[in-house]
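Listed here are the chains, written in short residue letters.
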Amino acid sequence: MLDEIKTFIAVATEGSFSAVARSHDLAVSSITRKLDALEADLGVRLFARSSRSITLTDAGNQFLPRARTIVAEMEEARHVLADLHADPRGLLTVTAPAAFGRMHVVPALASFLERYPLMQIDLHLSDDFVDLLTRRVDVAIRIGVLPDSDLVATRLAPINRLACASPAYLAAQGRPASPEQLLQHNCLNIASSPLPYGWWSFAGVRNEAALPVKGNFKSDDTEALLAAAVAGMGIAHLASWMVCDMLRAGRLELLFPDLPMPAKAAQTGIHAVRMPGRSHTAKAQLFIAHLKSCFGEQPYWEDF
């Protein structure tokens, strides 16, 4: 059956029996027999055929993406089984957002490579959206709301954004008692319009819509916002994975510690994504499992 499905995909792509026959060094009759067998097994016509052309039927158009998924999953299963008892080795290409990669992926890489010394990691840190296929990436770490795609996604952690400020700022300007009082404070904002999902949103406040905060400093770099908050320039609303060290050190103080995460936060998260059917599937799964283990069921950066 798998061979017939692969033949169907090839004919649908080439639009020609003879072209597929030549590329596979087979007779045209062999190609047609495979398609006849597949159509008989499925009970539908996949192609409308004439002496001059061949086109997909409606059933063929609906079956084509599912056929590609079947072949990709079978290839992935084959690679996983082949690597099951082998020592992981070779190159794995990984991308991650710059700040998160420096703070949390690199430390996890150290223990991963210590555990699997035959592995090599090629890590690219960038906040740009990276296409896994064109860049030949095995694993990408993505933060935010995942768009619908054919990628296989593993949730690594939730995103918990925290309002915080330096002790010096709070001593000089006072501590807001509620999120609404942020409107009277100097807030350090991301230079993005519209605001990314979840910024300045709080549980039970304005139906979790972003507060229209204002301030005298904004940046497209979250590490710059963190540095500005530590320097006492204003109040920041940053992810817990970014501010945890400053909170532990007392260089920032958490505002509204009893406020739960917004309900809409469940729609976002930190994910590892990979393409199905890649030859490095087993190594990618191993690396993702290691990240989950390092981060913890309750991520270590939530302990401050």
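Scoring rules and cut-offs
- Residues numbered from 1 in each chain as written.
- Predicted model: local features only at pLDDT ≥ 70, side-chain atom pairs only at ≥ 80, totals over all residues.
- Heavy atoms only, no water.
- Pairing = 2+ DSSP bridges.
- Helix = DSSP H or I, 4+ residues; strand = E, 2+ residues; numbered from the N terminus.
- Axes fitted to C-alpha atoms, helices over the stretch in contact; angles between N-to-C directions.
- Contact = heavy atoms within 4.5 Å.
- Salt bridge = Lys/Arg side-chain N within 4 Å of Asp/Glu carboxyl O.
- Buried < 20%, exposed > 50% of the residue type's maximum accessible area, 1.4 Å probe, protein only.

Draft legend 1. Structural context of the sheet that holds strand β4 (residues 119–125). Strand order in the open sheet formed by 5 strands is β4-β3-β5-β12-β6, and the pairing between neighbours is mixed. Two strands close off the open sheet at either side, each with one partner strand: β4 and β6 (152–157). Mean inter-strand twist for the sheet, computed between neighbouring axes without regard to direction, equals 25 degrees. Pairing geometry for strand β3 (residues 90–96) and β4, over 7 bridges, is parallel. Bridging from a neighbouring strand, threonine 95 pairs with histidine 124 of β4. Each of β3, β4, β5 (139–144) and β12 (269–274) touches helix α5 (residues 98–115); the most contacted strand, β4, lies at about 175 degrees to it. Lying over the sheet, helix α9 (residues 281–295) contacts β3, β4, β5, β6 and β12, oriented at roughly 15 degrees with respect to β6.

Draft legend 2. Highlighting the pattern of salt bridges. Applying the stated criterion to the full structure yields 7 salt bridges. Notably, a salt bridge pairs arginine 45 with glutamate 39, separated by 3.2 Å at the nearest N-O pair. Where arginine 49 meets glutamate 39, a salt bridge forms, and the shortest distance between an N and an O atom there is 2.9 Å. One end of the pair, arginine 49, is in strand β1 (residues 47–49); the other, glutamate 39, is in helix α3 (residues 28–42), and 10 residues separate them in sequence. By relative accessible area, arginine 49 is classed as partly exposed at 30%. In this structure glutamate 39 comes out as buried when scored by relative accessible area, which is 5%. Within this structure, Asp36, Glu39, Arg45 and Arg49 form a network of salt bridges that share partners.

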